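Observations on chain architecture
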Amino acid sequence: MRLNRRTSATVAGAALVGLALAACSSGGSGDGGSGDDGNGGGADEVEVFTWWAAGSEKAGLDALVGVFNEQHPDVEFINGAVAGGAGSAAKDLLQSRLQAQDPPDTFQAHAGAELQDYIDAAQIEDVSDLYDEFGLTDVFPADLVDRVTAEDGAIYSIPSNVHRANVVWANPTVLEENGIDPAAEYADLDAWMADLDTLQAAGVTPLSVATTWTQVHLLETVLLAGLGAEAYNGLWDGSTDWESAEVTAALEDFEQLMSYTNSDRDGLDWPEATQMVIDGNAAFNVMGDWAVAAFEEQDKALGTDFVAFPVPGTDGVFDFLADSFTLPVGAPHPDGAKAWLETVGSLEGQVAFNKAKGSIPARTDADPSEFSEYQQTAIESFGQDTIVSSLAHGAATPVATLNAISDATSKFTSGASDLATYQSELAAAAQG
Ligand code: GAL
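Counting of residues starts from 1 at the beginning of each chain's written sequence and follows it residue by residue. Totals for whole chains, interfaces and linings use all residues, but because this is a predicted model, local features are given only for residues with pLDDT of at least 70 and pairs of side-chain atoms are given and counted only at 80 or more. Neither water nor hydrogens contribute to the side-chain values; these are computed over all heavy atoms in the structure.

Looking now at the pairing of strand 8 (residues 307-310). A regular strand carries its side chains on alternate faces of the sheet. Only protein chains enter the accessibility calculation, which uses a 1.4 Å probe. A residue is then buried if its area is under 20% of the maximum for its type, exposed if over 50%, and partly exposed in between. The numbering of helices and of strands both runs from the N terminus, where a helix is a DSSP run of H or I of at least 4 residues and a strand a run of E of at least 2. Taking every second residue as pointing to the same face, both faces of strand 8 are buried, with Val307 and Phe309 on one and Ala308 and Pro310 on the other. The pairing of strand 5 (residues 167-170) with strand 8 spans four bridges and is antiparallel. Residue tryptophan 169 lies in a different strand from strand 8, and its bridge partner there is alanine 308. Only strands that DSSP links by at least two bridges are regarded as paired with each other.

So, in structure tokens, the structure goes:
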């Protein structure tokens, strides 16, 4: 399926159909109480901690800040963004601050296992009251709310958006110049790799990638393609054996795909890798759909200047992640944080932010026609596809597991370990 179809589905309709997110809501131990427990005050400013520090990501944040400034003109927005895609630098820094009792007023956290880490560590407050206060109880898909909810039913963050991770972005001119049909539909990774061979033989960089987290991002899509949605899900709940022959075969595909990539990858972050495709310096890039914002920011048109399709072998599956915002325990400006959370959850905030960010609103009541052609395909897919959890973006595993998988991946792709070692290190990482 090419990702350039128009859809007439409404967000609300789409999100109600077949959304099957596995709830991840165990072991909450936050201390509860968001607004009436004596920690009010600090309405004059809000430090917002994200990793949306530059480029199209900052443009998304700026759009949200624009709505915030309209809705809360008396609260000063303090930008606490820390550069590094996927929070590659931000998450460690955040953890140091939380442990030093120096939290920002609110921070970005992925719905799912990553948020659960903060809940388990009692680092974030129950914001259930704010759902009532802001009228949010029914505006998000129930299964998404489950991912920001603890076992006792308390809700711990407000989702801002939904992103899709399993997308290939391609430069049609580069493909045509090398005799490859930009409209080709690849049944599986093998079919795709035949074209990657052609490009490599022609001296073109077939596939761009960047630093470790983008390699883990590629890995998750290859595991999904090789194993299928059910067995991929099983990697995270223990029902799929990481030492199996199927995983070995997927890792061989990953190794092969890495052989098509740019050698300067470890010094780059996602914007540079995607830019290689925008500039015609690489044919393909696998990246989450924040990439569409980079194309659109540079006035590139879907279907003409770039094409997008699900990673071969993953058609019909939506590799899901969502950003959300929290109220940290001990936030110095909790009322400023609540003002920010109100804007994050508002329809106006979600429309402005997601239009610029490439994601789709977490709210189900936005009008799809306000969004780009690509985003309309994402809205449709989110409504009808099988949903799985992203590894690289905090939905599938706790941060410690992701860090161990990232370390093993970095060793493997830099040549410091062989495939058998890599596989057993991944198996050990997944055990926690
Ligand atoms: C993800 C995040 C996205 C985007 C991406 C690249 O983890 O959820 O919103 O920022 O990283 O930095």
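Here we come to the domain arrangement of the chain. When the domains of the chain are assigned, the result is domain 1 (45-162 + 323-368) and domain 2 (164-319 + 392-431). Here the limits of each domain have been adopted from an automatic or database domain assignment. Put simply, the middle of domain 1 and the middle of domain 2, counted by C-alpha atoms, are 28 Å apart. Each side of the interface is counted separately: domain 1 has 20 residues, and domain 2 has 19 residues. Buried area: the sum, over both parts, of the accessible surface (1.4 Å probe) that disappears when the two are put together. Of the roughly 1400 Å² buried at the junction of domain 1 and domain 2 (both faces included), carbon and sulfur atoms supply 55%. Here, two residues are considered to be in contact whenever any of their heavy atoms come within 4.5 Å of each other.

A word on the site of the ligand. For the ligand, the set of nearby residues contains 13 residues, the closest of which are Glu57, His110, Asp323, Lys357 and His393. The definition of a polar contact used here is a pair of N or O atoms within 3.5 Å, where within protein one atom must be able to donate a hydrogen and the other to accept one, and adjacent residues in sequence count solely through side-chain atom pairs. One of the side-chain N or O atoms of glutamate 57 is found 2.4 Å from an oxygen atom in the ligand. Interatomic distance of 2.8 Å between a backbone N/O atom of alanine 86 and an oxygen atom of the ligand. Per-residue accessibility takes into account occlusion by the displayed protein chains alone, with areas from the Shrake-Rupley method and a 1.4 Å probe. For the ligand, whose unbound accessible area comes to 300 Å², protein coverage reaches 100%. Structurally, the shell around the ligand is a two-domain feature, drawing no fewer than three residues from each of domain 1 (45-162 + 323-368) and domain 2 (164-319 + 392-431). By convention in this text, a residue qualifies as near a molecule or strand provided that one of its non-hydrogen atoms is within 4 Å of it.

This paragraph deals with the side chain of threonine 212. Mapped onto the secondary structure, threonine 212 falls in helix 9 (residues 212-237). Under the relative-accessibility criterion, threonine 212 is labelled buried at 18%. For threonine 212, the residues in contact, after removing those within four places along its chain, are Asp266, Ser406 and Ser410.

The next thing to look at is the nonpolar core. Residue types Ala, Val, Leu, Ile, Met, Phe, Trp, Tyr and Cys, when buried and joined through side-chain atoms within 4.5 Å, form a set referred to as a nonpolar core. In this structure, Ile158, Trp169, Phe320, Trp340 and Tyr374 are the most contacted members of the largest nonpolar core, which totals 82 residues. Looking at which domains feed residues into this core, each of domain 1 (45-162 + 323-368) and domain 2 (164-319 + 392-431) supplies at least three. Each residue touching isoleucine 158, except ones within four places of it in the same chain, is listed here: Val127, Tyr131, Phe134, Leu136, Phe140, Ser324, Phe325, Leu341, Val344 and Gly345. Leu199, Val317, Leu391 and Leu426 belong to the second-largest nonpolar core, a separate cluster that totals 55 residues.

This part is about the pairing of strand 5. Here strand 5 shows a buried face lined by Val167 and Trp169 and a second buried face lined by Val168 and Ala170. One ladder, built from three bridges, connects strand 5 with strand 7 (residues 284-286); its direction is antiparallel. Its bridge partner lying in strand 7, valine 168 is registered against valine 286.

Taken in spatial order, the four strands make up an open sheet running 6-7-5-8, and their pairing is mixed. The open sheet has two edge strands, strand 6 (207-208) and strand 8, and neither has a second partner.

We now examine the packing of helix 2 (residues 55-71) against helix 13 (residues 334-345). Comment: axis = line fitted to C-alpha atoms, over the contacting stretch for helices; angle = value between 0 and 180 degrees taken between N-to-C directions. Where helix 2 meets helix 13, the axes come as close as 9 Å, and the angle between the chain directions of the two elements is 115°. With respect to helix 13, the axis of helix 2 lies roughly perpendicular. For the crossing formed where helix 2 meets helix 13, the hand is right-handed. Each of Leu61, Leu64, Val65, Val67, Phe68 and Gln71 in helix 2 lies in contact with helix 13, whose residues at this interface are Ala339, Trp340, Glu342, Thr343 and Val344. Residue classes follow a fixed rule: Ala, Val, Leu, Ile, Met, Phe, Trp, Tyr, Cys and Pro count as nonpolar, while Asp, Glu, Lys and Arg count as charged, and any other residue, Gly among them, counts as polar. Per-class residue counts for the contact of helix 2 with helix 13 are eight nonpolar, two polar and one charged. Note that the term roughly parallel is reserved for angles under 35 degrees, roughly antiparallel for angles over 145, roughly perpendicular for angles of 65 to 115, and oblique for everything else. Take the far helix as the reference: if the near one is turned anticlockwise from it by less than a right angle, the crossing is left-handed, and if turned clockwise, right-handed.

Relative to the elements of secondary structure, isoleucine 379 occurs in helix 15 (residues 373-384). As for isoleucine 379 and phenylalanine 325, which are separated by 54 residues in sequence, their C-alpha atoms are 21 Å apart.

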